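Architecture at a glance
In case you want the letters, here they are:
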Amino acid sequence: PATQDAWIDSVCKVSERAGVAIFLSVPEKDASTGLLHNSTHVIVRGSIVGTQRKILCMPGPGEGWSTPGPAPPKPIAVDGVSVGVLICADAYPLQNAIACKEAGASVLLSPASWAEGSHGPNGEWEADSQHTGLPMIVCNRSGYESSDLNFTGSHSAVIVNGKRKLDAAPSSA
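This write-up is about the structure you can find in this document. Keep in mind that this is a model prediction, so the values were computed, not measured.

Rules used throughout
- Residues numbered from 1 in each chain as written.
- Predicted model: local features only at pLDDT ≥ 70, side-chain atom pairs only at ≥ 80, totals over all residues.
- Heavy atoms only, no water.
- Helix = DSSP H or I, 4+ residues; strand = E, 2+ residues; numbered from the N terminus.
- Pairing = 2+ DSSP bridges.
- Axes fitted to C-alpha atoms, helices over the stretch in contact; angles between N-to-C directions.
- Buried < 20%, exposed > 50% of the residue type's maximum accessible area, 1.4 Å probe, protein only.
- Right-handed = clockwise from strand over helix to strand, strands pointing away.
- Salt bridge = Lys/Arg side-chain N within 4 Å of Asp/Glu carboxyl O.
- Expected span 1.5 Å × (residues − 1).
- Arc of directions from axis to C-beta.
- Contact = heavy atoms within 4.5 Å.
- Polar contact = N/O pair within 3.5 Å; in protein donor to acceptor, adjacent residues only side chain to side chain.

**Some thoughts on unusual backbone geometry**
Look at the link from Ala71 to Pro72: it is a cis peptide, with omega at -5°. Topologically, Pro72 is positioned in the loop between strand E3 (47-53) and strand E4 (76-78). One non-glycine residue, Arg45, lies in positive phi territory at about 45°. One can find Arg45 in the loop between strand E2 (36-44) and E3.

Below you can see the structure in the form of structure tokens.
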């Protein structure tokens, strides 16, 4: 079970007041095991209805703290819509998107922290959508934090049948 603190409670209250779903990506400490995870809580009208933990955690200072979650990812129901959540690099291997579809997902959502460049996205999102036939929504990190955390060229996107229908990047201004 997810650890819920005062800050997450406050986000739940925003979701409840607004009557919306929020996909909240957070570092999470499992209440029963003490393990740390890179997680996305799915909050619907004030309640956490599901949590997806990142499966492909990269070694090193960026994610070395994070324990991989269970594979394959399982879709989470949001108001009758089955959402397959693929956290960042979990969208890289096609089998994760396929597993979501086979488990009943009708849409894929990827909260990501993928900067442009040599290790940036290179058609993975489009491939997931093309091969599964599912639309994919990518909400990617953006902005500049430091020279080694520069996401000013990062893109968020809506992809349908492998084609970007909406592509958004932060402006340089």
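Resuming the write-up.
**Notes on the sheet that holds strand E5 (residues 81-85)**
One open sheet holds the six strands; their spatial order is E4-E5-E6-E7-E10-E11, and the pairing between them is mixed. At either margin of the open sheet sits one strand with a lone partner, and together these are E4 and strand E11 (163-168). For this sheet, the mean angle separating the axes of adjacent strands, direction not counted, is 25°. Note that strand E6 (residues 107-112) and strand E7 (residues 136-140) share five bridges and pair parallel. Note that in E7 the partner of Ser110 across the bridge is Val138.

**Notes on the pairing of E6**
Walk down a regular strand and you will see the side chains alternate between the two sheet faces. Burial analysis of E6 places six of its six residues in the buried class, which makes it a mostly covered element. Residues Val107, Leu109 and Pro111 point to one face of E6 and Leu108, Ser110 and Ala112 to the other, with burial holding for every one of them. Two elements, E5 and E6, share three bridges in a ladder whose sense is parallel. When the sheet's bridge partners are listed, Val83 is paired in E6 with Val107. Of the crossover connections in this fold, the one passing from E5 over helix H2 (residues 94-102) to the parallel E6 is right-handed.

**Regarding the pattern of salt bridges**
All told, the structure shown has seven salt bridges when counted by the stated rule. In this structure, Lys54 engages Glu63 in a salt bridge whose closest nitrogen and oxygen atoms are separated by 2.5 Å. Accessibility expressed as a relative area gives 12% for Glu63, which makes it buried. Between Arg141 and Glu145 there is a salt bridge; the shortest N-O distance is 2.5 Å. Its relative accessible area of 27% is what places Arg141 among the partly exposed residues. When its relative accessible area of 48% is taken as the criterion, Glu145 is described as partly exposed. Several salt bridges converge on common partners, so that one network encompasses Glu28, Asp30 and Arg53.

**A closer look at helix H1 (residues 6-18)**
Given a rise of 1.5 Å per residue, 13 residues ought to cover 18 Å, and the 18 Å separating the end C-alpha atoms of H1 matches this to within 8%. Ile8, Val11, Cys12 and Ser15 are the residues of H1 that are buried. Each buried residue of H1 sits inside an arc of 105° when the element is viewed along its axis, so together they form one side. Opposite the packed face of H1, turned more than 90 degrees from it, sit the exposed residues Ala6, Glu16 and Arg17. Buried residues along H1 sit against strand E1 (21-29), E2 and E3. A distance of 3.2 Å separates the backbone nitrogen of Trp7 from a side-chain oxygen at the start of H1, and that oxygen is part of Asp5.

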